[in-house]
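Commentary on secondary and tertiary structure
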Amino acid sequence: MESASGANGATDVDAAIERTAELPAGLCEALHGARNVVVLSGAGMSAESGVPTFREAQTGLWARFDPQALATPEAFARDPALVWRWYEWRRDLVADAEPHAGHRALAELEARVERCTVITQNVDGLHRRAGSREVIEFHGNLFENRCFVEGHVLETLDTSRGEPPPRCPDCGAWARPGVVWFGEAIPAAALEAADAALSDVDLFLSVGTSSSVYPAAGLIEQAARRGATLVEINTEDSALAGLMDFRFTAPAGAALPALVDALGNGGPHP
Ligand code: BV8
């Protein structure tokens, strides 16, 4: 079945997804010629692992809270116990999650191309658990804690005062989750690593993100400016779908294995 070309000129490949041999020739060429692949993943990447996307996560007692309002330094300063409890609830959600076939396909891709860097907006650690090693956690990690005043990573927490949040054992300030809140700068190391990965990117996969949060979404625009082939994998059009050369309207857990299968069983490129 020929794949139809999308309204914005991108080629829709979901029709061919069951038969990877029938992926559009242009996409197969880009895959086989890729020397430096960069992947940007969003919350949709973890959806099939049972981790609700950031906006869906608000169920039960958290349904009445706006996640974008909770994920801010102001919210934490105003009610640290509430925000800490929200993150404890999300940690429990993620602790039971397992990486899915899409995460594993990206780890496999890393073994088959010269360079493959995953830049993730997710804070759940699932890419590393699936075996990806070149992972940039652009928005931090849910399971890391930092001192709210000094900012350094805390390996241990002082829980002697009972009421959450626990305290920094060094200075007694509140401990906070090691994630990047709205209004906070992306850590310089993550920005530099992302810029280095994008410096000579030739294939860019945007997976499971609405492309609505910056500066992460700006990485897609940067890859486009660098002349990379852009592929979007999403169950719906993202805000930057118009930049894509190819779009899989499909879940990440199906599309990513199909893409990696299309590389054939050859080993890493010579
Ligand atoms: C910054 C960690 C400046 C926390 C997150 C006013 C004041 C300050 C800043 C701003 C402002 N207005 C705008 C901004 C910029 C702001 C921003 O972009 N706001 C948006 C809302 C407009 N950005 C920031 O604040 C950033 N910092 O600008 O700092 C600065 C500079 C210098 C010095 C000081 C300050 C920081 C942004 C980081 C925020 N932290 N996460 C936590 O997790 O608690 S962002 C968080 O929301 C997630 O990490 C994710 O990135 C984002 C969106 O979450 P979701 O909607 O769940 O996921 P996503 O958007 O990825 O959508 C899901 C997609 O998956 C959908 O498209 C869906 O169709 C698809 N899907 C679903 N299932 C599947 C699927 N796809 C494939 N397969 C499936 N199965």
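Here the structure is a predicted model, which means the values were calculated and not measured. (Residues numbered from 1 in each chain as written. Predicted model: local features only at pLDDT ≥ 70, side-chain atom pairs only at ≥ 80, totals over all residues. Heavy atoms only, no water.)

**Topic: the sheet that holds strand 4 (residues 135–137)**
Convention followed: What makes two strands pair is DSSP finding at least two bridges between them. Where helices and strands are cited, they refer to DSSP runs of H or I of at least four residues and of E of at least two residues respectively, numbered from the N terminus. We call two residues in contact whenever any of their non-hydrogen atoms come within 4.5 Å of each other. To get an axis, a line is fitted to the C-alpha atoms, and for a helix only the part in contact is used. The angle between two axes follows their N-to-C directions and goes from 0 to 180 degrees.
Across the sheet, 7 strands lie side by side as 1-10-9-8-2-3-4; this open sheet has parallel pairing. For this open sheet the edge positions go to strand 1 (11–12) and strand 4, each flanked by a neighbour on one side alone. Here strand 9 (residues 229–234) runs beside strand 10 (residues 246–249); their pairing, made up of 4 bridges, is parallel. Its bridge partner being in strand 10, Asn 234 is matched across the sheet by Thr 249. Contacting strand 8 (203–207), strand 9 and strand 10, helix 1 (residues 25–33) crosses the sheet at an angle of about 105° to strand 10. Along the sheet, helix 8 (residues 188–198) contacts strand 2 (36–41), strand 3 (115–120), strand 4 and strand 8; its crossing angle with strand 3, the most-contacted strand, is approximately 140°.

**Description of empty space enclosed by the protein**
Left-over empty space is what a probe sized like a water molecule reveals as it rolls over the atoms. Heads up, the condition is: Whether a set of points on the 1 Å grid over the protein atoms alone is a cavity depends on a 1.4 Å probe fitting there but being unable to get out, while an open set qualifies as a pocket with protein on both sides within 12 Å along at least five of seven lines; lining residues are those with an atom within 4 Å of a point. Grid points are joined across faces, edges and corners, and a volume is the space filled by probe spheres set on the points. Note that Gly is not counted as nonpolar here; it falls among the polar residues with everything else outside the nonpolar set of Ala, Val, Leu, Ile, Met, Phe, Trp, Tyr, Cys and Pro and the charged set of Asp, Glu, Lys and Arg.
All chains considered together, the criterion is met by 1 cavity of 30 Å³ or more. Of the volumes computed, that of the largest cavity is approximately 40 Å³. What lines the largest cavity is Thr 120, Asp 124, Gly 125, Leu 126, His 127, Arg 128, Val 135 and Glu 137. When residues of the lining of the largest cavity are traced back to their parent elements, those giving at least two are helix 7 (126–130) and strand 4. No other element matches helix 7, which puts 3 residues into the lining of the largest cavity. A per-class count over the lining of the largest cavity returns 2 nonpolar, 3 polar and 3 charged.

**Examining the pattern of salt bridges**
To be explicit about the condition: We define a salt bridge as a side-chain nitrogen of Lys or Arg found within 4 Å of a carboxyl oxygen belonging to Asp or Glu. Accessible area is worked out with a 1.4 Å probe on protein chains only. A residue is then buried under 20% of its type maximum, exposed over 50%, and partly exposed in between.
For the structure on display, the rule yields 10 salt bridges. Its salt-bridge partner being Glu 98, residue Arg 129 comes within 3.3 Å of it at the nearest N-O pair. On the criterion of sequence distance, the pair formed by Arg 129 in helix 7 and Glu 98 in the loop between helix 5 (80–95) and helix 6 (101–112) is long-range, its members being 31 residues apart. Residue class for Arg 129 comes out partly exposed when judged on its relative accessible area of 42%. Judged by its relative accessible area of 52%, Glu 98 falls in the exposed class. With a closest N to O distance of 3.2 Å, Arg 146 and Glu 144 form a salt bridge.

**A closer look at the sheet that holds strand 7 (residues 175–179)**
Read from one edge to the other, the open sheet built from 3 strands follows the order 6-5-7, with strand pairing classed as antiparallel. Among the strands making up the open sheet, the edge pair consists of strand 6 (153–154) and strand 7. Pairing of strand 5 (residues 140–147) with strand 7, which is carried by 4 bridges, proceeds in the antiparallel orientation. By the bridge assignment for strand 7, Arg 146 is matched with Arg 176. Contacts between helix 5 and the sheet are confined to strand 5 and strand 7, with strand 5 contributing the most and set at about 145° to the helix.

**Overview of helix 10 (residues 252–261)**
Counting buried positions over the 10 residues of helix 10 gives 7, a clear majority of the element. Along helix 10, the residues that are buried comprise Ala 252, Gly 253, Ala 255, Leu 256, Ala 258, Leu 259 and Val 260. Taken together, the buried residues of helix 10 touch helix 1, helix 2 (44–47), helix 6, strand 8, strand 9 and strand 10.

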